Amino acid sequence: MGGVLGMKYFIRQYTGLPYPDPNDALAVTNFHLTARDQSLTTSILSAGTFFGAIAAGDIADFIGRRATIIMGCVIFSIGCILETASTGLAVMVVGRLIAGLGVGFISAIIILYMSEIAPKKVRGALVAGYQFCITIGILLANCVVYATQNRDDTGSYRIPIAVQFLWAIILGTGLFLLPESPRYYVKKGKLEAAAKSLASVRGQPMESQYIQDELAEIIANHDYEMQVVPQTSYIGGWTACFKGSLSNGSSNIRRTLLGIFMQMMQQLTGINFIFYFGTVFFQSLGSIKNPFLISLITTLVNVCSTPLSFWMVERFGRRFILIYGAAGMIIAQFIVGIIGVTVGAPSKNNTSAVSAMIAFICINIFFFATTWGPAAWVIVGEVFPLTIRSRGVGLSTASNWFWNCIIGVITPYLVGTGKGQANLGAKIFFMWGVLCCVSFSFAYFFVPETKGLSLEQVDKMLEESTPRTSSKWVPHSTFASEMGLTEKGFSIGHAEHIGSAEQVVITNEKSQV
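Keep in mind that what you see is a predicted model, and the values were worked out from it rather than measured.

Caption draft 1: The overall build of the chain, seen in detail. In terms of helices and strands, the chain carries 26 helices and 2 strands. Whereas a compact globule of 513 residues would reach a radius of gyration of roughly 24 Å, the chain reaches 25 Å, a difference of no more than 12%. Viewed in the frame of its principal axes, the chain has a C-alpha envelope of about 90 × 45 × 40 Å. Within the chain, residue pairs in contact and separated by at least 24 positions form 72% of the contacts whose partners lie at least 6 positions apart.

Caption draft 2: Region of interest: the pattern of salt bridges. Within the structure shown, the criterion is met by 12 salt bridges. Glu 116 serves as the salt-bridge partner of Arg 389, at 3.3 Å between the closest nitrogen and oxygen. Note that Arg 389 is positioned in helix H21 (residues 389-415) and Glu 116 in helix H6 (residues 89-117), a separation of 273 residues in sequence. Taken as a pair, Arg 389 and Glu 116 share a single burial class, namely buried. One salt bridge connects Arg 318 with Glu 314, and the closest N-O pair in it is separated by 3.3 Å.

Caption draft 3: Quick look at the packing of aromatic side chains. As enumerated under the stated definition, the model contains 19 aromatic pairs in all. Taking the centre distance of 5.3 Å and the plane angle of 80 degrees together, the rings of Tyr 130 and Trp 377 count as edge-to-face. Of this pair, Tyr 130 sits in helix H7 (residues 123-148) while Trp 377 sits in helix H20 (residues 372-382); the two residues are 247 residues apart in sequence, bridging distant segments of the chain. According to the relative accessible area criterion, Tyr 130 is buried, its value standing at 12%. When its relative accessible area of 3% is taken as the criterion, Trp 377 is described as buried.

Caption draft 4: Molecular detail of the packing of helix H18 (residues 318-341) against helix H22 (residues 428-446). Their axes nearest at 8 Å, the elements H18 and H22 cross at an angle of 165 degrees. If you check the angle between H18 and H22, you find them roughly antiparallel. The two elements H18 and H22 meet at a crossing, and its hand is left-handed. Taken together, the residues of the contact of H18 with H22 break down into 19 nonpolar, 4 polar and 1 charged.

Caption draft 5: Examining the packing of H6 against H7 more closely. In the contact formed by H6 and H7, the axes pass within 9 Å of each other and the chain directions differ by 160 degrees. With respect to each other, H6 and H7 are oriented roughly antiparallel. You can see that H6 and H7 cross each other, and the crossing is right-handed. Contacts between H6 and H7 involve Ser 107, Ile 110, Ile 111, Met 114 and Ser 115 from the former and Arg 123, Leu 126, Val 127 and Tyr 130 from the latter. When its residues are assigned to classes, the contact of H6 with H7 shows 6 nonpolar, 2 polar and 1 charged.

Caption draft 6: Expanded view of the nonpolar core. Residues Met 262, Phe 273, Phe 281, Trp 372 and Phe 429 are the most contacted members of the largest nonpolar core, which totals 88 residues. Looking at this core, the element that brings in the most residues is H6, giving 12 residues. Look past the residues within four positions of Met 262 in its chain and what remains in contact with it is Leu 257, Leu 322, Trp 372, Ala 376, Ile 379, Val 380, Phe 442 and Val 447. Formed by 14 residues, the second largest nonpolar core is a distinct cluster that contains Ala 194, Met 206, Ile 211 and Leu 215.

Caption draft 7: Region of the structure containing the state of the cysteines. All told, the structure shown has 0 disulfides when counted by the stated rule. Cys 362 provides the cysteine sulfur closest to Cys 304, a residue in no disulfide bond, and the two sulfurs are 11 Å apart. Residue class for Cys 304 comes out exposed when judged on its relative accessible area of 56%. For the unlinked cysteine Cys 436, the closest cysteine sulfur is that of Cys 437, found at 7.4 Å. Given the relative accessible area of 0%, Cys 436 is considered buried.

Caption draft 8: Looking closely at helix H16 (residues 291-305). Its 15 residues give H16 an end-to-end C-alpha distance of 21 Å, which sits within 8% of 21 Å, the value for a rise of 1.5 Å per residue. Inspection of H16 places Pro 291, Phe 292, Ile 294, Ser 295, Leu 296, Thr 298, Thr 299, Asn 302, Val 303 and Ser 305 among the buried residues, and these make up the whole buried set.

Caption draft 9: The side chain of Glu 214, seen in detail. In this structure, Glu 214 sits in helix H12 (residues 209-228). With residues near it in sequence (within four places) discarded, Glu 214 still touches Arg 183, Leu 198 and Arg 202.

Definitions and cut-offs
Residues numbered from 1 in each chain as written. Predicted model: local features only at pLDDT ≥ 70, side-chain atom pairs only at ≥ 80, totals over all residues. Heavy atoms only, no water. Helix = DSSP H or I, 4+ residues; strand = E, 2+ residues; numbered from the N terminus. Rg over C-alpha atoms; globule rule 2.2 N^0.38 Å. Contact = heavy atoms within 4.5 Å. Salt bridge = Lys/Arg side-chain N within 4 Å of Asp/Glu carboxyl O. Buried < 20%, exposed > 50% of the residue type's maximum accessible area, 1.4 Å probe, protein only. Phe/Tyr/Trp six-rings, centres within 6.5 Å; stacked < 30°, edge-to-face > 60°. Axes fitted to C-alpha atoms, helices over the stretch in contact; angles between N-to-C directions. Parallel < 35°, antiparallel > 145°, perpendicular 65-115°, else oblique. Left-handed = near helix turned anticlockwise from the far one by under 90°. Nonpolar A, V, L, I, M, F, W, Y, C, P; charged D, E, K, R; others polar. Core = buried A, V, L, I, M, F, W, Y, C linked by side-chain atoms within 4.5 Å. Disulfide = S-S within 2.5 Å. Expected span 1.5 Å × (residues − 1).

Any link to function would need more than the numbers given here.
Rendered as structure tokens:
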């Protein structure tokens, strides 16, 4: 949206201002959307996404993970229709609000779905792929904006908005070809369906020992969690997310706050300032001839850097890359701020200094794209027990979009040059740098290492270690053995789940012979 906000036709369409005379410096300076309109247009989508993510957890537990994502695609498409059809602010805002609801469904439940179906050895890389797809989407959007920026008709902004339909169609259609999450079926007590789903995503026959062992562990873990935090009512289900002691690393409230603050810290790195308002910020530097091209370059850096995280998140672990990624961003952002208030100030018209600022902004993007971008989503998908997982991921995703919305609301006023606005300019990077210091501390003291563990083993690790010792923890038992499933013999076929691991009855006619 940042590129659209800088289009001349879009500005004229939505403000009524005539195109300025290039020789009239004052007219050129004042030819832009007001800070209020920039703030509203950008942030309203995040507001819708916040509420969509909150609602998505309950819906995913009721109708399933797949169906919730497909529903999100439909809602998103309705919003896109309104955005594309708009010729004024009112319809655009309503369209972005509805589209945001759909994005909330999708962004919350995709993480949940991928985490629940992925094998533990590649789960981090697979969830990191989610962030990679986001970066590709941003790049394609910038390419389309770059191609249409000079059109003197509604196609300048309608084409970039309408392109979004394609991805909603691909995602919604593709999900019809994939199985439902086996952990969703276990939560619903449909063990035979869970076995078929697990066999499908693992590429193994239902009768294989591999499938039997993994399903037994999922069932035992779910029953253990149900005994610890029984589900009572709708309100009780939500309050379960906040049960336990803050001093207990495995308590539900600690996990919920971990997810919420993890997503908050990701947004407060300031990365979306660059992608939402980068074009406007680069225009304000004065010496950049083509700010749209610079925005495209920063997006390309984001895309090219993210695949490295597929390897890093599994090689070095989640906690390690979060700590060192925050440190890298702190250094890069303070350098940008220092240059921006000294030799790179707009009044200096120093193109070399501005180029250095852009270089360190790209370095900052590299550190984010390889660490906090994907790893924050990976952690959120891994730390919640099955009983509260959908709501926990929903709350965490809602936190992401809440702070995304806050940034969208306040940033135009922080960097705006109008009366009563802060006009921070490059000084805003000092603010992002300080907030990255907070992110660094948060990762060091509160984020555990979950690399190489199944979702059920993560539960055990949180019970037996602290964030700073978690990387040394190794699995030594299973929930299935502790709950007695392995001693009774566990085979997969027709399944009946009565409510606890002591009452699981699974028979298989072939194994009976």
